[in-house]
Amino acid sequence: MPLILYFINHNRNQRTFRPKKSAPSGSKGAQLRKHIDATLGSGNLREAVRLPPGEDLNEWLAVNTVDFFNQVNLLYGTLTEFCTPENCPTMTAGPMYEYRWADGVQIKKPIEVSAPRYVEYLMDWIEGQLDDESLFPQKLGAPFPPNFKDVVKTIFKRLFRVYAHIYHSHFQKIVSLKEEAHLNTCFKHFILFTMEFGLIDKKELAPLQDLVDSINVPY
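First things first, this report covers the structure right here in the doc. For clarity, every value in this text was computed on a predicted model and none was experimentally measured.

Let's talk about the overall build of the protein chain
And step 1. Each helix and strand in the protein chain was counted, giving eight helices and two strands.
And step 2. Listing each helix as α and each strand as β along the protein chain from the N terminus yields α-α-α-α-β-β-α-α-α-α.
And step 3. Per-residue burial over the protein chain gives 50% buried out of 219 residues.
And step 4. Partitioning the contacts of the protein chain with sequence separation of at least 6, the portion at a separation of at least 24 is 72%.
And step 5. Surface accessibility of the protein chain: about 11100 Å² in total, with carbon and sulfur atoms responsible for 52%.

Okay, structure coming up:
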(Lines give C-alpha, C1' and ligand atoms only; values in the text may rest on other atoms or scores of the structure.)
Protein backbone atom coordinates (compact mmCIF):
# COMPACT_ATOMS: atom_id res chain seq x y z
CA MET A 1 0.00 0.00 0.00
CA PRO A 2 1.41 3.45 -0.85
CA LEU A 3 2.68 5.36 2.19
CA ILE A 4 0.16 8.21 1.91
CA LEU A 5 -2.80 5.79 1.69
CA TYR A 6 -1.52 3.77 4.63
CA PHE A 7 -1.13 6.95 6.64
CA ILE A 8 -4.64 8.19 5.87
CA ASN A 9 -6.34 4.82 6.41
CA HIS A 10 -4.68 4.13 9.74
CA ASN A 11 -4.70 7.59 11.24
CA ARG A 12 -7.99 9.32 10.45
CA ASN A 13 -9.01 9.27 14.09
CA GLN A 14 -5.59 9.72 15.65
CA ARG A 15 -4.55 13.00 17.17
CA THR A 16 -1.21 12.64 15.44
CA PHE A 17 -2.91 13.21 12.09
CA ARG A 18 -2.19 16.82 11.20
CA PRO A 19 -3.17 18.71 8.07
CA LYS A 20 -0.19 19.65 5.96
CA LYS A 21 1.07 23.11 6.74
CA SER A 22 1.77 25.39 3.81
CA ALA A 23 4.47 27.99 3.32
CA PRO A 24 3.68 31.57 4.44
CA SER A 25 1.33 32.99 1.83
CA GLY A 26 2.76 36.48 1.94
CA SER A 27 6.32 35.37 1.37
CA LYS A 28 7.98 33.93 -1.70
CA GLY A 29 6.92 30.57 -0.33
CA ALA A 30 4.84 29.47 -3.32
CA GLN A 31 7.58 30.40 -5.77
CA LEU A 32 10.25 28.65 -3.71
CA ARG A 33 7.93 25.66 -3.29
CA LYS A 34 7.81 25.28 -7.09
CA HIS A 35 11.60 25.43 -7.20
CA ILE A 36 11.84 22.67 -4.58
CA ASP A 37 9.36 20.50 -6.49
CA ALA A 38 11.26 21.02 -9.74
CA THR A 39 14.69 20.22 -8.28
CA LEU A 40 13.41 17.22 -6.30
CA GLY A 41 11.80 15.95 -9.47
CA SER A 42 15.23 15.87 -11.06
CA GLY A 43 16.34 13.34 -8.46
CA ASN A 44 19.37 15.43 -7.49
CA LEU A 45 18.99 15.97 -3.76
CA ARG A 46 22.26 17.87 -3.46
CA GLU A 47 21.02 20.38 -6.00
CA ALA A 48 17.59 20.53 -4.37
CA VAL A 49 18.94 21.78 -1.03
CA ARG A 50 21.04 24.65 -2.39
CA LEU A 51 19.86 28.23 -1.99
CA PRO A 52 18.52 29.33 -5.38
CA PRO A 53 20.51 32.25 -6.86
CA GLY A 54 19.21 35.62 -5.75
CA GLU A 55 16.86 34.23 -3.09
CA ASP A 56 16.76 35.22 0.56
CA LEU A 57 18.33 32.68 2.91
CA ASN A 58 15.68 33.10 5.62
CA GLU A 59 12.87 32.60 3.10
CA TRP A 60 14.56 29.41 1.92
CA LEU A 61 15.03 28.14 5.46
CA ALA A 62 11.40 28.95 6.30
CA VAL A 63 9.77 27.14 3.36
CA ASN A 64 12.00 24.10 3.84
CA THR A 65 11.32 24.00 7.58
CA VAL A 66 7.61 23.70 6.80
CA ASP A 67 8.33 20.97 4.23
CA PHE A 68 10.50 18.90 6.56
CA PHE A 69 7.96 19.26 9.37
CA ASN A 70 5.27 17.89 7.05
CA GLN A 71 7.56 15.10 5.88
CA VAL A 72 8.53 13.88 9.35
CA ASN A 73 4.94 14.16 10.55
CA LEU A 74 3.80 12.00 7.65
CA LEU A 75 6.50 9.39 8.20
CA TYR A 76 5.82 9.10 11.91
CA GLY A 77 2.09 8.94 11.22
CA THR A 78 2.56 5.54 9.56
CA LEU A 79 3.86 4.17 12.86
CA THR A 80 1.40 5.46 15.45
CA GLU A 81 -0.22 2.07 16.00
CA PHE A 82 3.22 0.53 16.64
CA CYS A 83 4.91 3.40 18.50
CA THR A 84 2.81 3.24 21.66
CA PRO A 85 3.51 4.06 25.33
CA GLU A 86 3.68 0.31 25.96
CA ASN A 87 6.16 -0.40 23.16
CA CYS A 88 8.14 2.83 23.54
CA PRO A 89 7.86 3.99 27.17
CA THR A 90 10.73 6.44 26.66
CA MET A 91 11.92 8.48 23.69
CA THR A 92 15.10 6.68 22.77
CA ALA A 93 17.46 6.23 19.84
CA GLY A 94 19.04 2.92 20.68
CA PRO A 95 20.35 1.96 24.14
CA MET A 96 22.70 4.93 24.52
CA TYR A 97 20.44 7.89 23.77
CA GLU A 98 17.31 9.05 25.55
CA TYR A 99 15.52 12.33 24.86
CA ARG A 100 13.52 14.20 27.49
CA TRP A 101 11.04 16.93 26.71
CA ALA A 102 11.17 20.60 27.67
CA ASP A 103 9.95 23.62 25.75
CA GLY A 104 11.31 26.27 28.10
CA VAL A 105 7.85 27.75 28.64
CA GLN A 106 5.18 25.31 29.78
CA ILE A 107 7.69 22.58 30.65
CA LYS A 108 10.94 24.14 31.81
CA LYS A 109 12.58 21.13 33.39
CA PRO A 110 13.14 18.18 31.02
CA ILE A 111 10.71 15.35 31.72
CA GLU A 112 10.79 11.68 30.76
CA VAL A 113 7.85 10.80 28.53
CA SER A 114 6.94 8.00 26.15
CA ALA A 115 8.02 8.29 22.52
CA PRO A 116 4.51 9.04 21.21
CA ARG A 117 4.01 11.67 23.90
CA TYR A 118 7.38 13.24 23.06
CA VAL A 119 6.49 13.40 19.37
CA GLU A 120 3.10 14.89 20.20
CA TYR A 121 4.73 17.56 22.37
CA LEU A 122 7.26 18.19 19.60
CA MET A 123 4.77 18.54 16.76
CA ASP A 124 2.56 20.83 18.86
CA TRP A 125 5.59 22.94 19.71
CA ILE A 126 6.76 23.17 16.08
CA GLU A 127 3.27 24.12 14.92
CA GLY A 128 3.30 26.89 17.50
CA GLN A 129 6.62 28.13 16.15
CA LEU A 130 5.44 28.03 12.53
CA ASP A 131 2.21 29.88 13.41
CA ASP A 132 4.04 32.62 15.34
CA GLU A 133 4.29 35.52 12.90
CA SER A 134 7.08 37.09 14.92
CA LEU A 135 9.19 34.02 14.06
CA PHE A 136 7.78 32.94 10.67
CA PRO A 137 6.40 36.13 9.05
CA GLN A 138 3.27 35.74 6.96
CA LYS A 139 3.09 39.20 5.42
CA LEU A 140 5.09 40.21 2.37
CA GLY A 141 8.14 42.22 3.37
CA ALA A 142 7.81 41.48 7.10
CA PRO A 143 11.29 40.94 8.57
CA PHE A 144 12.53 37.70 10.04
CA PRO A 145 13.79 37.93 13.63
CA PRO A 146 17.56 38.27 14.18
CA ASN A 147 17.65 34.84 15.84
CA PHE A 148 15.72 33.12 13.06
CA LYS A 149 18.45 30.62 12.19
CA ASP A 150 18.71 29.59 15.85
CA VAL A 151 14.94 28.94 15.85
CA VAL A 152 15.31 26.79 12.74
CA LYS A 153 18.28 24.92 14.22
CA THR A 154 16.28 23.94 17.29
CA ILE A 155 13.43 22.68 15.11
CA PHE A 156 15.79 20.60 12.95
CA LYS A 157 17.65 19.21 15.97
CA ARG A 158 14.37 17.95 17.39
CA LEU A 159 13.05 16.63 14.07
CA PHE A 160 16.27 14.60 13.79
CA ARG A 161 15.35 12.87 17.05
CA VAL A 162 12.19 11.52 15.43
CA TYR A 163 14.26 10.06 12.58
CA ALA A 164 16.68 8.59 15.13
CA HIS A 165 13.82 6.94 17.03
CA ILE A 166 12.24 5.58 13.84
CA TYR A 167 15.51 4.03 12.63
CA HIS A 168 16.44 2.50 15.99
CA SER A 169 13.00 1.34 17.15
CA HIS A 170 10.81 0.89 14.09
CA PHE A 171 12.97 0.24 11.05
CA GLN A 172 11.85 -3.39 10.74
CA LYS A 173 8.24 -2.24 10.66
CA ILE A 174 9.14 0.26 7.93
CA VAL A 175 10.74 -2.61 6.00
CA SER A 176 7.61 -4.73 6.41
CA LEU A 177 5.60 -1.83 4.96
CA LYS A 178 8.11 -1.74 2.07
CA GLU A 179 8.79 1.93 2.76
CA GLU A 180 12.48 1.80 3.69
CA ALA A 181 13.55 3.36 0.37
CA HIS A 182 11.16 6.25 0.95
CA LEU A 183 12.38 6.71 4.54
CA ASN A 184 16.02 6.64 3.42
CA THR A 185 15.40 9.21 0.68
CA CYS A 186 13.57 11.53 3.08
CA PHE A 187 16.38 11.21 5.62
CA LYS A 188 19.07 11.83 3.01
CA HIS A 189 17.25 14.98 1.84
CA PHE A 190 16.94 16.12 5.47
CA ILE A 191 20.63 15.52 6.26
CA LEU A 192 21.89 17.15 3.06
CA PHE A 193 19.84 20.24 3.89
CA THR A 194 21.14 20.40 7.46
CA MET A 195 24.70 20.01 6.21
CA GLU A 196 24.30 22.68 3.56
CA PHE A 197 23.27 25.27 6.15
CA GLY A 198 24.93 23.96 9.34
CA LEU A 199 21.66 23.34 11.17
CA ILE A 200 22.57 20.43 13.47
CA ASP A 201 25.71 20.14 15.60
CA LYS A 202 27.68 17.01 14.82
CA LYS A 203 27.33 15.62 18.35
CA GLU A 204 23.55 15.59 17.92
CA LEU A 205 23.93 13.28 14.91
CA ALA A 206 25.72 10.57 16.93
CA PRO A 207 22.75 8.15 17.18
CA LEU A 208 22.74 7.81 13.37
CA GLN A 209 26.37 8.69 12.67
CA ASP A 210 27.06 5.67 10.47
CA LEU A 211 24.01 6.41 8.36
CA VAL A 212 24.94 10.09 8.14
CA ASP A 213 28.47 9.15 7.10
CA SER A 214 27.10 6.86 4.40
CA ILE A 215 25.49 9.88 2.76
CA ASN A 216 29.14 10.68 2.03
CA VAL A 217 29.18 14.44 2.39
CA PRO A 218 31.86 16.03 4.56
CA TYR A 219 30.37 17.73 7.58
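Next comes the rest of the write-up.
Describing the packing of helix α4 (residues 57-77) against helix α7 (residues 180-197)
And step 1. At a closest axis distance of 11 Å, the pairing of α4 and α7 adopts a crossing angle of 155 degrees. Considering their axes alone, α4 and α7 lie roughly antiparallel with respect to each other. The interaxial crossing formed by α4 with α7 has left-handed handedness. Contacts between α4 and α7 involve Leu57, Trp60, Leu61, Asn64, Phe68, Gln71 and Leu75 from the former and His182, Leu183, Cys186, His189, Phe190, Phe193 and Phe197 from the latter.
And step 2. Taken together, the residues of the contact of α4 with α7 sort by class into ten nonpolar, four polar and no charged.

Description of the environment of Glu98
And step 1. Mapped onto the fold, Glu98 is located in strand β2 (residues 98-99).
And step 2. Sequence separation between Glu98 and Arg161 is 63 residues; the distance between their C-alpha atoms is 9.5 Å.
And step 3. Residue contacts for Glu98: discarding those within four places in its chain leaves Thr90, Met91, Thr92 and Glu112.
And step 4. A distance of 3.3 Å separates the side chain of Glu98 from the side chain of Arg100, its partner in a polar contact.

Points about the pattern of salt bridges
And step 1. One pass over the structure, following the stated rule, counts six salt bridges.
And step 2. With a shortest N-O distance of 3.4 Å, Arg100 and Glu112 are connected by a salt bridge. Of this pair, Arg100 sits in the loop between β2 and α5 (115-131) while Glu112 is found in the loop between β2 and α5, placing the two residues twelve residues apart along the sequence.
And step 3. Each of the salt bridges in this network shares a partner with another, and the network as a whole consists of Glu98, Arg100 and Glu112.

Parameters and conventions
- Residues numbered from 1 in each chain as written.
- Predicted model: local features only at pLDDT ≥ 70, side-chain atom pairs only at ≥ 80, totals over all residues.
- Heavy atoms only, no water.
- Helix = DSSP H or I, 4+ residues; strand = E, 2+ residues; numbered from the N terminus.
- Buried < 20%, exposed > 50% of the residue type's maximum accessible area, 1.4 Å probe, protein only.
- Contact = heavy atoms within 4.5 Å.
- Areas by Shrake-Rupley, 256 points an atom, 1.4 Å probe, with all protein chains shown as cover.
- Axes fitted to C-alpha atoms, helices over the stretch in contact; angles between N-to-C directions.
- Parallel < 35°, antiparallel > 145°, perpendicular 65-115°, else oblique.
- Left-handed = near helix turned anticlockwise from the far one by under 90°.
- Nonpolar A, V, L, I, M, F, W, Y, C, P; charged D, E, K, R; others polar.
- Polar contact = N/O pair within 3.5 Å; in protein donor to acceptor, adjacent residues only side chain to side chain.
- Salt bridge = Lys/Arg side-chain N within 4 Å of Asp/Glu carboxyl O.

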